[in-house]
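Residue-level listing of the chains:
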Amino acid sequence: MKTLGYVRVSTDRQADQGVSLDAQDAKVRAMATVQSRELAEVIVDGGESAKSIKRPGMQRLLGMVNAGDVQAVIIAKLDRLTRSVKDLCGLLELFEKKGVALISVAESLDTGSAAGRLVITIMGAVSQWEREAIGERTRDALQHKKKCGQRTGNIPFGYRLGSDQKHLEVDPVEQAAVNEIKRLRRDGQTLRRIASMLNDGGHRTRRGTQWRLESITRVLKSATSIA
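Computed from a predicted structure; not experimentally measured. (Residues numbered from 1 in each chain as written. Predicted model: local features only at pLDDT ≥ 70, side-chain atom pairs only at ≥ 80, totals over all residues. Heavy atoms only, no water.)

Visitor: Explain the pairing of strand 3 (residues 70-75) to me, and be specific about the residues and the numbers.
Guide: The element strand 3 is largely enclosed, with a buried count of five among its six residues. Of the strand pairs in this sheet, strand 1 (residues 2-9) and strand 3 are connected by five bridges, and their pairing is parallel. Residue pairing for strand 3: Thr3 is matched across the bridge by Ala72. With four bridges joining them, strand 3 and strand 4 (residues 101-104) adopt parallel strand pairing. Counted as the bridge partner of Ala72 is Ala101 from strand 4. (Buried < 20%, exposed > 50% of the residue type's maximum accessible area, 1.4 Å probe, protein only. Helix = DSSP H or I, 4+ residues; strand = E, 2+ residues; numbered from the N terminus. Pairing = 2+ DSSP bridges.)

Right under this line is the structure:
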């Protein structure tokens, strides 16, 4: 029966945050030594997100677990395995069914015991709540800035950044094109026909290029969201 290690990073920038593959590998190997386990292999997923368990390394690990070849899996930190409570519960259920212990170095947890399984599930739920809460706060902050007329992301066609570099103001030239697009659309013109008529009328995109169907679509969507 094998003891396996598993390490993962989603981006190169994580190497600067103490979760590089080498750093994780060192922690996994140290834990194996402390527990007197012979580490057969450290499986690596580089540049893979934890939002899904459909990763090459993870699928290989699960295949070995399902085959009954694994006794324990050591990870440096819980979020290296998954960021989804649903996936975590599924993995814990599988590991328990196959008699596989999940050992997390950072959290000092071992699912070889019922208490360890409970704590690791609770921590996974708290971690997911924290990510969702951050997402909600970010969304609310962006909506507030938008209501205040401040820039959020790309500047929509028909507007430009004000002198304070925060608020948007109307760009008369671009607004003329926006109004013409909306008028032609109300008249029942197709997107392709609108692009052709704008080009014939001398209107150009912000980059100075001719209008295309895709450009018209973006402007209409932007105008609808602003309205």
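Picking up where we left off.
Visitor: Tell me what's going on with the side chain of Ser84, and back it up with residues and numbers.
Guide: Within the secondary structure, Ser84 is located in the loop between helix 3 (78-81) and helix 4 (85-98). A relative accessible area of 18% means that Ser84 is categorised as buried. Filtering out sequence-adjacent residues up to four positions away, Ser84 remains in contact with Ala50, Gln128 and Arg131. (Contact = heavy atoms within 4.5 Å.)

Visitor: Explain a nonpolar patch on the surface residue by residue, including any values.
Guide: Together, Leu118, Val119, Ile122, Val126 and Trp129 make up a nonpolar patch on the protein surface, roughly 500 Å² of accessible area in all. Judged by relative accessible area, Leu118 falls into the exposed class, the value being 53%. (Patch = residues over 30% accessible without salt bridge, like charges linked within 9 Å, V, L, I, M, F, W, Y side chains within 5 Å. Areas by Shrake-Rupley, 256 points an atom, 1.4 Å probe, with all protein chains shown as cover. Salt bridge = Lys/Arg side-chain N within 4 Å of Asp/Glu carboxyl O.)

Visitor: Kindly report on the environment of Ser10, identifying the contributing residues and their values.
Guide: Along the chain, the position of Ser10 falls in the loop between strand 1 and helix 1 (21-34). Residue contacts for Ser10: discarding those within four places in its chain leaves Gly47, Glu48 and Ser49.

Visitor: Report on the pattern of salt bridges, specifying residues and quantitative values.
Guide: Two side chains of opposite charge can pair, provided their charged atoms sit close to one another. Taken as a whole, this structure holds nine salt bridges when the rule is applied. A salt bridge links Arg29 to Asp25, with the nearest nitrogen and oxygen atoms 2.8 Å apart. With Arg29 and Asp25 both in helix 1, this residue pair falls four residues apart, about one helical turn. For Arg29, a relative accessible area of 42% translates into the label partly exposed. In this structure, the salt-bridge partner of Glu174 is Arg206, at a minimum N-O distance of 2.9 Å. You can see Glu174 sitting in helix 6 (residues 172-186) and its partner Arg206 sitting in the loop between helix 7 (191-200) and helix 8 (213-226), a full 32 residues away along the chain. What makes Glu174 buried here is its relative accessible area of 10%. If you follow the salt bridges from partner to partner, you end up with Asp79, Arg80 and Arg83 in one network.

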